[in-house]
Amino acid sequence: MQHAVTSTGNVLQKELTGEGGERGRQGAVSREVVEAMNFMAVNLAHEIVTGQRRVEDARQLYAETAAGFMLRRPSLYTEQLQFAVPHSGTADADESMIAGAMVDQMVEKAKDVFGGERE
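Residues numbered from 1 in each chain as written. Predicted model: local features only at pLDDT ≥ 70, side-chain atom pairs only at ≥ 80, totals over all residues. Heavy atoms only, no water.

1. Describing the overall build of the chain
A count of helical and extended segments in the chain gives four helices and three strands. Written out in order from the N terminus, the α and β elements of the chain read β-β-β-α-α-α-α. In the chain, which comprises 119 residues, the share counted as buried stands at 21%. Restricting to contacts in the chain with at least 6 residues of sequence separation, those with at least 24 account for 41%. Approximately 9100 Å² of the chain is accessible, and the part contributed by carbon and sulfur atoms is 55%. (Helix = DSSP H or I, 4+ residues; strand = E, 2+ residues; numbered from the N terminus. Buried < 20%, exposed > 50% of the residue type's maximum accessible area, 1.4 Å probe, protein only. Contact = heavy atoms within 4.5 Å. Areas by Shrake-Rupley, 256 points an atom, 1.4 Å probe, with all protein chains shown as cover.)

2. Examining the environment of Val34
Inspection of the secondary structure puts Val34 in the loop between strand E3 (28-30) and helix H1 (35-49). Taking C-alpha positions, Val34 is 9.7 Å from Thr78, a pair spaced 44 residues apart along the chain.

3. Details of the pattern of salt bridges
Counted according to the given criterion, the structure contains three salt bridges. Here Glu47 and Arg53 are joined by a salt bridge, their closest N and O atoms 2.5 Å apart. The exposure class of Glu47 is buried, given its relative accessible area of 11%. Given the relative accessible area of 24%, Arg53 is considered partly exposed. (Salt bridge = Lys/Arg side-chain N within 4 Å of Asp/Glu carboxyl O.)

4. What about unusual backbone geometry?
Despite not being glycine, Arg72 shows a phi value in the positive range, around 65°. Along the chain, the position of Arg72 falls in the loop between helix H2 (55-70) and helix H3 (76-79).

Here it is, written out as structure tokens:
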């Protein structure tokens, strides 16, 4: 399941199921050539995720603000992030399981190559 705010040249999505091979990962993606549009997309995503704005409202505001930006009308949404960015406690709490399995497989591969005992 994905929620998306989409416009020409910009894709913003909150990935709930982790499409792209990262099941369970959550994140927001904004792909825009103009930095101001990335600011706006991330600001709107934050408002959607925190319940401050509905998706339909965000789409409307995005369209209006993008049109204004093209006409050089300033907007706080396009100038900088409009929320505080945490600087600590942001590490991924998940534990990687592949590292241990990789070591085990490397040991077994070395035994295959060099003729050691297998477990």
